[in-house]
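Chain by chain, the residues:
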Amino acid sequence: FICDVPLANALVEACRGLDCKIYTGIVVSGDQFISSNQKRRQLSRDFNANACEMEGAAIGHVCVRNKVPFCVLRSVSDNIDNNQTVDFDKFKHAAAEKATNIILKMLKAI
C-alpha cells in the first residue's frame, strides 16, 4: 500500500531537528515477528525493504479501502544487520515520547 505522499513528506519534515534518524522507503508487513537476521536480510533483498513489521499493512489496507490518506511512522529497536541487545523497557518509553513529539509537530504543520 502506498502512503499519501504529502502526509509522508510532512512526517519526514516533522522529524527534522529532532534527535532521530530518518529513513523512508518500503516496509514489509506480515503475520509473524521476524527474529532471524537471515530472514530480515532476505526480505530486504527480495523487496528492497528498509524494515519489517506486523501492523502497517493492515492499517494501510483499511485506509486504502476507505479512501483515507495515511502514512506510517515506525520506531525500530533492531535493524537488519544489527544484533545489539536493546533494553526494550527503556526503548519503548523513549520511542513513545519521540513519536508523540513527531506527530504533534506534524499535526501543527499540516
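Computed from a predicted model, the values in this text were never measured in an experiment.

Thresholds applied
- Residues numbered from 1 in each chain as written.
- Predicted model: local features only at pLDDT ≥ 70, side-chain atom pairs only at ≥ 80, totals over all residues.
- Heavy atoms only, no water.
- Patch = residues over 30% accessible without salt bridge, like charges linked within 9 Å, V, L, I, M, F, W, Y side chains within 5 Å.
- Areas by Shrake-Rupley, 256 points an atom, 1.4 Å probe, with all protein chains shown as cover.
- Salt bridge = Lys/Arg side-chain N within 4 Å of Asp/Glu carboxyl O.
- Helix = DSSP H or I, 4+ residues; strand = E, 2+ residues; numbered from the N terminus.
- Buried < 20%, exposed > 50% of the residue type's maximum accessible area, 1.4 Å probe, protein only.
- Core = buried A, V, L, I, M, F, W, Y, C linked by side-chain atoms within 4.5 Å.
- Contact = heavy atoms within 4.5 Å.
- pLDDT = per-residue confidence, 0-100.

Peer 1: Could you clarify how one ought to interpret a nonpolar patch on the surface in this entry?
Peer 2: A surface patch of nonpolar side chains, amounting to about 430 Å² of accessible area, comprises L73, I103, L104, L107 and I110. One can find L73 in the loop between α3 (56-65) and α4 (88-109). Judged by relative accessible area, which is 31%, L73 ranks as partly exposed.

Peer 1: What's the story with the nonpolar core in this structure? I'm lost.
Peer 2: A general trend in soluble globular proteins is that nonpolar side chains are found buried together. Formed by L7, A10, L11, A14, C15, I102 and M106, the largest nonpolar core amounts to 7 residues. At the level of elements, α1 (5-15) and α4 are the ones that each hand at least two residues to this core. In terms of residue count, α1 provides more of this core than any other element does, 5 residues in total. Apart from the residues within four sequence positions on either side, L11 is in contact with C71, V72, L73, I102, I103 and M106.

Peer 1: Is there a simple way to explain the confidence of the model for the chain in this structure?
Peer 2: Caution is warranted with low-pLDDT regions, since their predicted coordinates should not be read in detail. Looking at the chain as a whole, the pLDDT averages 88, with 92% of positions reaching at least 70. Within the chain, the lowest mean pLDDT, 89, falls on strand β2 (residues 49-53), and the highest, 95, falls on α1.

Peer 1: Where do I start with the pattern of salt bridges in this structure?
Peer 2: This structure, assessed with the given rule, holds 4 salt bridges. Residue E53 is joined to R74 by a salt bridge in which the shortest nitrogen-to-oxygen separation is 3.4 Å. Placement of E53 in strand β2 and of R74 in the loop between α3 and α4 is noted, with a sequence separation of 21 residues between them. For E55, the salt bridge identified is with R74, shortest N-O distance 3.0 Å.

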